[in-house]
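Below are the chains, spelled out letter by letter.
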Amino acid sequence: MPRGRYSLHDPHDHTPLGEEHFQCAPGPSGWRYVSRLTTPAGAQRGSVDLALDDLGRPIRLELHAGDWQVRGAALDGVTWVRTDATGAHATEGNVRAHAFTGTSPAFLVATARLLRLTPSSPATRVRLVTFTDPVLAPRTVDQSWALTDSEAHATDNGPLTVDEYQVTALDSGEQHTVHIAGDVVLAAPGIELEDLQSPPSAFD
């Protein structure tokens, strides 16, 4: 069960945003990721709880940020409920999208798991719903994912396969590279893996 810590920063101006302390593991029905987020000063600022089925679809998502909370799942596309702390401003949403995304590294692993690309696969278009910090406002985004390289590296625990993805935002054409090993993000814009206490889990 991998557990560790990511540091998060603004991918454009590199302003520190804090840290994400996580643990994740494959299970009988898929994969689960839970984390707590802290500010650069160490204060609590939110949490992520994401569960996927064995096909990579989100069967449960729960996000907390400040006074806001989102609960969602794959249902007629993706469906969610966003509420404030009092529950007075609850809103429901539904979009014909494939899955969710956001600032957490969990969503990069989840999208890669959903698409199951190979180096010979063509670039694949995917529609996602993201929840923007700090108020978890929903926004639909279209991306293109391509697996550009997959390389095995020798480690003390056996070979570790690192997949390199090129991700393109289809509204702006902006491209970036994501490196994933199993269910851990090694590097991506705004994300650095600072500590990992056990090896990544390998998906079948």
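Here, every reference points to the structure presented above.
Please read these numbers as outputs of a predicted model, since none were measured by experiment.

Here we look at the overall build of the protein
Inference 1: Across its full length, the protein holds one helix and 15 strands.
Inference 2: Here the protein has a C-alpha radius of gyration of 16 Å; the compact-globule value for 204 residues is 17 Å, and the two agree.
Inference 3: Within the protein, the fraction of its 204 residues that count as buried is 42%.
Inference 4: Looking at the protein as shown, the accessible area adds up to about 10,400 Å², and 50% of this sits on carbon and sulfur atoms.
Inference 5: A gap of 7 Å separates the mean positions of the 15 positive and 26 negative side-chain charges of the protein.

Topic: the pairing of strand S14 (residues 184-188)
Inference 1: The pairing of strand S13 (residues 175-181) with S14 spans three bridges and is classified as antiparallel. Paired with Ala 181 across the strands is Val 184, a residue of S14.
Inference 2: Counting the residues that bridge the hairpin from S13 to S14 gives two residues, and of these Gly 182 lies at a positive phi of roughly 60°.
Inference 3: Pairing between S14 and strand S15 (residues 191-196): two bridges, direction antiparallel. What sits directly across from Ala 187, in S15, is Glu 192.

Quick word on the environment of Arg 116
Inference 1: The topology assignment puts Arg 116 in the loop between helix H1 (105-115) and strand S10 (124-132).
Inference 2: Taking the relative accessible area as the measure of exposure, Arg 116 reaches 39% and is therefore partly exposed.
Inference 3: Each C-alpha atom, one on Arg 116 and one on Leu 55, is 9.2 Å from the other, the two residues being 61 residues apart in sequence.
Inference 4: A polar atom in the side chain of Arg 116 sits 3.4 Å from the backbone oxygen of Arg 113.

Section: the pattern of salt bridges
Inference 1: Taken as a whole, this structure holds seven salt bridges when the rule is applied.
Inference 2: With its nearest N and O atoms 2.7 Å apart, the salt bridge here joins Asp 53 to Arg 57.
Inference 3: Judged by relative accessible area, which is 41%, Arg 57 ranks as partly exposed.
Inference 4: When the shortest N-O distance is used, the salt bridge between Arg 125 and Asp 142 registers 3.6 Å. Taken together, the residues span a long stretch of sequence, with Arg 125 in strand S10 and Asp 142 in strand S11 (residues 137-153) at a distance of 17 residues.

Notes on the environment of His 12
Inference 1: Checked against the element boundaries, His 12 lands in the loop between strand S1 (3-9) and strand S2 (16-27).
Inference 2: Measuring from C-alpha to C-alpha, the distance between His 12 and Gly 190 comes to 8.1 Å, with 178 residues separating the pair along the chain.

A look at the layout of surface pockets
Inference 1: Of the volumes computed, that of the largest pocket is approximately 980 Å³.
Inference 2: Those elements giving two or more residues to the lining of the largest pocket turn out to be S1, H1, S10, S11, strand S12 (160-169) and S13.
Inference 3: At five residues, the largest contribution of residues to the lining of the largest pocket is made by S11.
Inference 4: Considering only residue class, the lining of the largest pocket consists of 13 nonpolar, 13 polar and seven charged.
Inference 5: Ala 181, Gly 182, Ser 201, Ala 202 and Phe 203 are the residues nearest the centre of the second largest pocket, which is lined by 22 residues in total.

Overview of the pairing of S13
Each regular strand displays side chains that alternate between the two surfaces of the sheet.
Inference 1: Pairing of S12 with S13, which is carried by six bridges, proceeds in the antiparallel orientation. When the sheet's bridge partners are listed, Tyr 165 is paired in S13 with Val 178.

Thoughts on empty space enclosed by the protein
Inference 1: Considering all chains together, one arrives at two cavities of 30 Å³ or more under this definition.
Inference 2: Reported here for the largest cavity is a volume of approximately 150 Å³.
Inference 3: Val 48, Leu 63, Thr 103, Asp 133 and Leu 136 are the residues nearest the centre of the largest cavity, which is lined by 16 residues in total.
Inference 4: Every element with two or more residues in the lining of the largest cavity is listed here: strand S4 (44-53) and strand S5 (58-65).
Inference 5: Element by element, the count of residues in the lining of the largest cavity is highest for S4, at four residues.
Inference 6: Considering only residue class, the lining of the largest cavity consists of seven nonpolar, seven polar and two charged.

About the cut-offs
- Residues numbered from 1 in each chain as written.
- Predicted model: local features only at pLDDT ≥ 70, side-chain atom pairs only at ≥ 80, totals over all residues.
- Heavy atoms only, no water.
- Helix = DSSP H or I, 4+ residues; strand = E, 2+ residues; numbered from the N terminus.
- Rg over C-alpha atoms; globule rule 2.2 N^0.38 Å.
- Buried < 20%, exposed > 50% of the residue type's maximum accessible area, 1.4 Å probe, protein only.
- Areas by Shrake-Rupley, 256 points an atom, 1.4 Å probe, with all protein chains shown as cover.
- Lys, Arg positive; Asp, Glu negative; His and termini not counted.
- Charge placed at Lys NZ, Arg CZ, Asp CG, Glu CD.
- Pairing = 2+ DSSP bridges.
- Polar contact = N/O pair within 3.5 Å; in protein donor to acceptor, adjacent residues only side chain to side chain.
- Salt bridge = Lys/Arg side-chain N within 4 Å of Asp/Glu carboxyl O.
- 1 Å grid on protein atoms, 1.4 Å probe; cavity = no way out; pocket = protein on both sides within 12 Å on 5 of 7 lines; lining within 4 Å.
- Points joined across faces, edges and corners; volume = space filled by probe spheres on them.
- Nonpolar A, V, L, I, M, F, W, Y, C, P; charged D, E, K, R; others polar.

Without other data, these values stay purely geometric and don't point to any function.
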